[in-house]
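Residues per chain are reported as follows:
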Amino acid sequence: MSDSQPQQPSPFPPGGRGEDGGHGPQRPTGNANAPSAESATLLLAGARLTDGRTVDVRLGGGRIQAVGTTGSLPSPALSRVDLSGYLLLPAPAEPHAHGDTALTADGEGPVSYTTDEVQRRATEAALLQLGHGATAVRSHVRIGDVHGLGPMEAMLQARRSLRGLTDLTTVAVPRLLTGMAGADGLAMLRDSVKMGASVIGGCPDLDPDPTGFLEAVLELAAEHGCPVDLHTDGDDPGRLARLAAMAGGLRPGVTIGPCGGLSRLPLDVANRAADQLAAAGVRVTCLPQGDCSALERRGLRTAPVRLLRAAGVRVAAGSGALRDAGNPVGRGDPLEAAYLLASQGGLRAAEAYASVSGAAREAMGLPEVRVEAGFPAELLAVRGERIAAVLSLAYSRIVIHRGRVVARTSAVREYCDSAVAVVLDLPRQGRTEPGP
């Protein structure tokens, strides 16, 4: 069996959102009278849904226009995609990436943090994640120290270059915010927000004054109306209690992760912490594939997802490191995160997938996606019939962002000439017609 890299889609106009979240101008594609990419109509034919139905789905204007039985929809479609044999799902989103450090594990010598290098790595990482199905990525970006605001500038440039392919948002992550040493970090955090960082982050665990760090972050977030997304191991119940008490009133909300330390606490202490987080409305993003380097590898256990969910905490799952110091073999694949939650975290397959799709989108402040008329056309088609099978063997994928195909991964499984394979009618991935 071979599994190809995501193919580069045909050229598209950008059509992405501006820094303020609105749609920016679209570049002409040669024919001034041709419809824009988001106004074009696309028909997804013969897709299987999670409830077992086989349907046609018509997309237009970046949204799902209609869902009907196979062959029932009028077809003014400019293009048609045959999804026979594919399961159609709301697209995943990546709520916890590190694009500035991605793809650095195999390099020789010190890692380069020049603007060009960071932008190249971040763009490649986002495209890899897009090929896996993530049509939106939230990337944590370190600022300060010797690199200053360079990584943030590079990430914002990557964001602009990826418009129309994927939505990339940035989290500004200072190292220190308190005392004399933290003054520069606080100034750079303010500058990052002015530059276009849309989320305020950091790691209170690494600051000499974790409470003061949290106070500074929440004050700045309230001032600018930004969400907060913090790194914490979650192994200090007193610190979690203070965080919950301080963060409860902030809108648009607070997310913490990966919280692997919660798994190391006594059960009664962990339950009490989960209740406090739920009451404060604090979300948790776990990393089933392993911690990220921002926590300096304090612990490798995954957050107790079932315990958190039972307490009412909204839990999303992210990928974390993508082949960097945090995880040199990280794949950045949301479906692998869901697979691990189902195989090791005790979640049902549908719950595990919801953690990387609906829950991840909610944590990122994105609108809900359902395969129903009127919802955003952010979709992932995976070869398979049921979610459990998709999480087990998710090879061939078609990714749809704003109503158009933006990435495609095709896998072909073939067996040697054997009567056994023919008699048993063993399943195949990819094409069934002859081809090179």
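Colleague: What is the right way to read the sheet that holds strand 14 (residues 315-317) from this model?
Modeller: In sheet architecture, strand pairing relies on hydrogen bonds along the backbone and comes in two forms, parallel and antiparallel. A sheet is described by the order of its strands in space; here 8 strands give the open sequence 7-8-9-10-11-12-13-14, paired in parallel fashion. The two strands at the open ends of the sheet, each matched to only one other strand, are strand 7 (94-97) and strand 14. Adjacent strand axes in the sheet meet at a mean angle of 25°, parallel and antiparallel pairs treated alike. Where strand 8 (residues 136-143) meets strand 9 (residues 167-174), 8 bridges bridge the pair, whose relative direction is parallel. Directly across from Ala 136, in strand 9, lies its bridge partner Asp 167.

Colleague: I would appreciate a short explanation of the packing of helix 4 (residues 210-224) against helix 5 (residues 237-247) in the present structure.
Modeller: Each packed pair of helices is defined by two parameters, the angle between the axes and the distance between the axes. Running from amino to carboxyl end, helix 4 crosses helix 5 at an angle of 20°, the nearest separation of the two axes being 11 Å. One way to sum up the angle between helix 4 and helix 5 is to call them roughly parallel. Judged by the twist between their axes, the crossing of helix 4 over helix 5 is right-handed. On helix 5, the residues that touch Pro 210, Thr 211, Leu 214, Glu 215 and Leu 218 of helix 4 are Arg 239, Arg 242, Leu 243, Met 246 and Ala 247. Each residue belonging to the contact of helix 4 with helix 5 can be placed in one class, and the counts come to 6 nonpolar, 1 polar and 3 charged.

Colleague: Which parts of the structure should I look at to understand the packing of aromatic side chains?
Modeller: Applying the stated rule across the entire model yields 0 aromatic pairs. Above the ring of Tyr 113, the side-chain terminus of Arg 121 is found at 5.2 Å from the ring centroid.

Colleague: Which parts of the structure should I look at to understand the pairing of strand 8?
Modeller: Each regular strand carries side chains that alternate between the two faces of the sheet. Of all 8 residues in strand 8, 7 are buried, a share of seventy percent or more. Two strands pair when backbone bridges link them, and strand 7 and strand 8 are joined in this way by 2 bridges, in the parallel orientation. For Glu 94, the partnering residue across the bridge sits in strand 8 and is Val 137. The parallel pair strand 7 and strand 8, bridged by helix 1 (residues 115-132), forms a crossover whose chirality is right-handed. In this fold, strand 8 hands off to helix 2 (residues 150-161), which returns the chain to strand 9; that crossover is right-handed.

Colleague: Is there a simple way to explain helix 8 (residues 334-343) in this structure?
Modeller: In an α-helix, one turn spans 3.6 residues, which is why side chains three or four residues apart end up on the same side. By the criterion of burial, helix 8 is predominantly enclosed, with 7 of the 10 residues buried. Among the residues making up helix 8, those that are buried are Pro 334, Leu 335, Glu 336, Ala 337, Ala 338, Leu 340 and Leu 341. N-capping of helix 8 is provided by Asp 333, with a side-chain oxygen placed 2.9 Å from the backbone N of Leu 335.

Colleague: Sorry if this is basic, but what is going on with the pairing of strand 9 here?
Modeller: With respect to burial, strand 9 is a largely interior element, 8 of its 8 residues being buried. Where burial is concerned, the two faces of strand 9 agree: the one with Asp 167, Thr 169, Val 171 and Val 173 and the one with Leu 168, Thr 170, Ala 172 and Pro 174 are both buried. Both strand 9 and strand 10 (residues 199-202) contribute to a ladder of 2 bridges, which runs parallel. Bridge pairing in strand 10 places Val 171 opposite Val 199. With helix 3 (residues 179-195) bridging strand 9 and the parallel strand 10, this β-α-β connection has right-handed handedness.

Colleague: For this particular structure, what's the right way to read unusual backbone geometry?
Modeller: Glycine aside, residues mostly have negative phi angles, and peptide bonds mostly take the trans form. For the bond running from Arg 251 to Pro 252, omega is 15°, close enough to zero to count as cis. Following Gly 257, the chain continues into Pro 258 via a peptide bond in cis, with omega recorded as 0°. Mapped onto the elements, Pro 258 comes out in strand 12 (residues 254-258). A positive phi angle, close to 55°, is found at Asp 145, a residue other than glycine. By the secondary structure assignment, Asp 145 is in the loop between strand 8 and helix 2. One non-glycine residue, Cys 259, lies in the positive phi region at around 60°. Position of Cys 259 among the secondary structure elements: in the loop between strand 12 and helix 6 (267-280).

Cut-off values and rules
- Residues numbered from 1 in each chain as written.
- Predicted model: local features only at pLDDT ≥ 70, side-chain atom pairs only at ≥ 80, totals over all residues.
- Heavy atoms only, no water.
- Pairing = 2+ DSSP bridges.
- Helix = DSSP H or I, 4+ residues; strand = E, 2+ residues; numbered from the N terminus.
- Axes fitted to C-alpha atoms, helices over the stretch in contact; angles between N-to-C directions.
- Parallel < 35°, antiparallel > 145°, perpendicular 65-115°, else oblique.
- Left-handed = near helix turned anticlockwise from the far one by under 90°.
- Contact = heavy atoms within 4.5 Å.
- Nonpolar A, V, L, I, M, F, W, Y, C, P; charged D, E, K, R; others polar.
- Phe/Tyr/Trp six-rings, centres within 6.5 Å; stacked < 30°, edge-to-face > 60°.
- Lys NZ or Arg CZ within 6 Å of the ring centre and 35° of its normal.
- Buried < 20%, exposed > 50% of the residue type's maximum accessible area, 1.4 Å probe, protein only.
- Right-handed = clockwise from strand over helix to strand, strands pointing away.
- Polar contact = N/O pair within 3.5 Å; in protein donor to acceptor, adjacent residues only side chain to side chain.

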